[in-house]
Structure formats: C-alpha cells, structure tokens
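# Fold and contact review
Below are the chains, spelled out letter by letter.
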Amino acid sequence: MENNVIYLSDASFDPHTKEAGIGIKNLYTGHTDAIAMTAVSAFEAEEFALLEAINHALRHGHKNCVFVFDNLNINTKSIGEFFSPMFEKIQFLWMKREYLHEVDTLAYNVRAQHQPKGWMHTIRQKAVTLSDEELIATFMPLTSGDTYGYLCAISGAAPMPKPLPSNLKGVNAKIIGLLMHVGSKSLIKQLSERFKGAQSYKYKWYEALLDACGFSMQWFEEAKHECRYGIAA
C-alpha cells in the first residue's frame, strides 16, 4: 500500500459578493493549488475545497489519502462512502483552522485577486484613511429623517442632503449597512447599538445605489471639508 498522502484544504468566502477562493496542499509532494469560484455560502465553499483535494488526489493517482479540513459540519461520512471505491484507503481529519493557515492564505489570496472591482472595493480601501466622522459625512447626505439626525449627532457634521431618484427604496438601511461594512470597529459598535438588526446587503445593491446617486471620489473631499468646517465652528 502507498504511504499516507495528506491533503490540507480550506476556503475563503465573501458573503457580500459570493466570491470564494479554495486552497489545497499535498503534504507528500508539497504541491499547492488555489482556485477562485462563486459559492452560495461559506459552508459550500469549504465543501468545494475538500472535494477539490479529493479530486486532485484521484487525478494524480494517490490511493491512500488523509484529507484534513476545518469545518465540522461537512458530512464526511457520505463523502467517504461515495469516494471509497476509488481509493485503497480514504480518511478524514478535522483540525482547528490555525493548523490550516497556509491553505487559508492561498484561498484568501486567490479570492482577493478575483474580487470584482467596483465602488465598494474602492470605498473599503479609502475608508482606512478616513476618520469615522469623515466616512459618515461622505454618505449621510443620502439619508433622511431620524437616520440623518443620528449620523449628524455622532459625526458632528451636517452636510446638505443630496437629491435622490424617486424610485430608490430602503436608502437609509443601505447606507447604514454600507457604513457598518467599511467602518471602524468603534463605528460598527455605535451603529449596531442604534440600528439593531441592521441588514447587510450584497455589494450589487450598494453599487446600484451609489451609481444611481452619481457617487464620485469627490464626495470624500467634500466630507473632509464639511468635517473641518464643523470643528472650526
């Protein structure tokens, strides 16, 4: 019988874009592989990673394999029953994710490389250079009513509201969701306490809202000016 061939597998998943990356490594040969794909959930991505490791073993003629994974919800019993006729010996081993750091990194990197580039990608990069107040002031002109009032209170800014197309729905909720997605931990805590049960939207909904409102990078500069004006006042 062939020596044990051990495979590591893991996945990285973005719930907003449904983009996933999977990473595998054959510890016997040192070979690694990473694939970008779409998935319904993190669980499905993790299962895809394990199945890819199994199929990789089959493609390379390995018949005595141990497949290491970190998601206890995967039904390895049924997977093993299906694949066992194709192996001399097939085994599964659950380990904590810290032991799968290398394949986790492979999965994350391949997902990041294939991440759709749009406004949300740009905003996430820009947000780390802004204060909470500046970030809020950038998007609060799209809000109204109590939401606008609360954002004024925590930012110390009161920019003029921007006109919205008449057919847009749920704008307040989407802006709160956007701020909670790209904001600092402190801002997320403030917003989650005030807007309990705030919904997280897929990127395409944020993108559609921003496009409809004519968003541009100039909004960030306007927000910085507004915040400086508020401090001076």
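In the block above lies the structure referred to throughout.
Below: a short report on this structure. Because the structure is predicted, anything quoted here is derived from the model rather than measured.

## Brief notes about the sheet that holds strand β2 (residues 19-26)
A sheet is described by the order of its strands in space; here five strands give the open sequence β3-β2-β1-β4-β5, paired in mixed fashion. Every other strand in the sheet has two partners, leaving β3 (32-38) and β5 (89-94) as the edge strands with one partner each. Between one strand and the next, the sheet's axes are offset by a mean angle of 20 degrees, whatever the strand orientation. Relative to β3, β2 runs antiparallel, the two sharing seven bridges. For isoleucine 22, the partnering residue across the bridge sits in β3 and is isoleucine 35. Lying over the sheet, helix α3 (residues 101-113) contacts β1 (5-14), β2 and β3, oriented at roughly 145 degrees with respect to β2.

## A short note on the pattern of salt bridges
The tally for this structure, following the rule as stated, stands at seven salt bridges. Where aspartate 14 meets arginine 111, a salt bridge forms, and the shortest distance between an N and an O atom there is 3.7 Å. Here aspartate 14 is found in strand β1, whereas its partner arginine 111 is found in helix α3, with 97 residues between them in sequence. Judged by relative accessible area, which is 5%, aspartate 14 ranks as buried. Taking the relative accessible area as the measure of exposure, arginine 111 reaches 10% and is therefore buried. The partner of arginine 59 in a salt bridge is glutamate 52, with the nearest N and O atoms 2.9 Å apart. Overlapping salt bridges bring together Asp14, Arg111 and Arg124 as one network.

## Things to note about the state of the cysteines
For the structure on display, the rule yields zero disulfides. The thiol sulfur of cysteine 152 is not disulfide-bonded, and the nearest other cysteine sulfur, from cysteine 227, lies at 11 Å.

## Some words on the packing of aromatic side chains
For the structure shown, the criterion picks out 11 aromatic pairs. A centroid spacing of 5.6 Å and a plane angle of 20 degrees characterise the contact between phenylalanine 139 and phenylalanine 215, whose relative ring orientation is stacked. Taken together, the residues span a long stretch of sequence, with phenylalanine 139 in helix α5 (residues 132-139) and phenylalanine 215 in the loop between α9 (203-212) and α10 (218-232) at a distance of 76 residues. Residue classification places phenylalanine 215 among the buried positions, given a relative accessible area of 6%. Aromatic side chains phenylalanine 215 and tryptophan 219 sit 5.0 Å apart centroid to centroid with 75 degrees between the ring planes, which places their arrangement in the edge-to-face category.

## As for the packing of helix α1 (residues 42-59) against helix α2 (residues 76-83)
It is the contact of α1 with α2, at a shortest axis distance of 12 Å, that shows an interaxial angle of 20 degrees. Classified by the angle their axes make, α1 and α2 are roughly parallel. Relative to α2, the crossing made by α1 is right-handed. Counting all contacts with α1, which are made through Glu47, Leu50, Leu51, Ile54, Asn55 and Leu58, the residues of α2 involved are Thr76, Ile79 and Phe83.

The rules we used
Residues numbered from 1 in each chain as written. Predicted model: local features only at pLDDT ≥ 70, side-chain atom pairs only at ≥ 80, totals over all residues. Heavy atoms only, no water. Pairing = 2+ DSSP bridges. Helix = DSSP H or I, 4+ residues; strand = E, 2+ residues; numbered from the N terminus. Axes fitted to C-alpha atoms, helices over the stretch in contact; angles between N-to-C directions. Contact = heavy atoms within 4.5 Å. Salt bridge = Lys/Arg side-chain N within 4 Å of Asp/Glu carboxyl O. Buried < 20%, exposed > 50% of the residue type's maximum accessible area, 1.4 Å probe, protein only. Disulfide = S-S within 2.5 Å. Phe/Tyr/Trp six-rings, centres within 6.5 Å; stacked < 30°, edge-to-face > 60°. Parallel < 35°, antiparallel > 145°, perpendicular 65-115°, else oblique. Left-handed = near helix turned anticlockwise from the far one by under 90°.

Remember, this is a structural readout, not a statement about activity or role.
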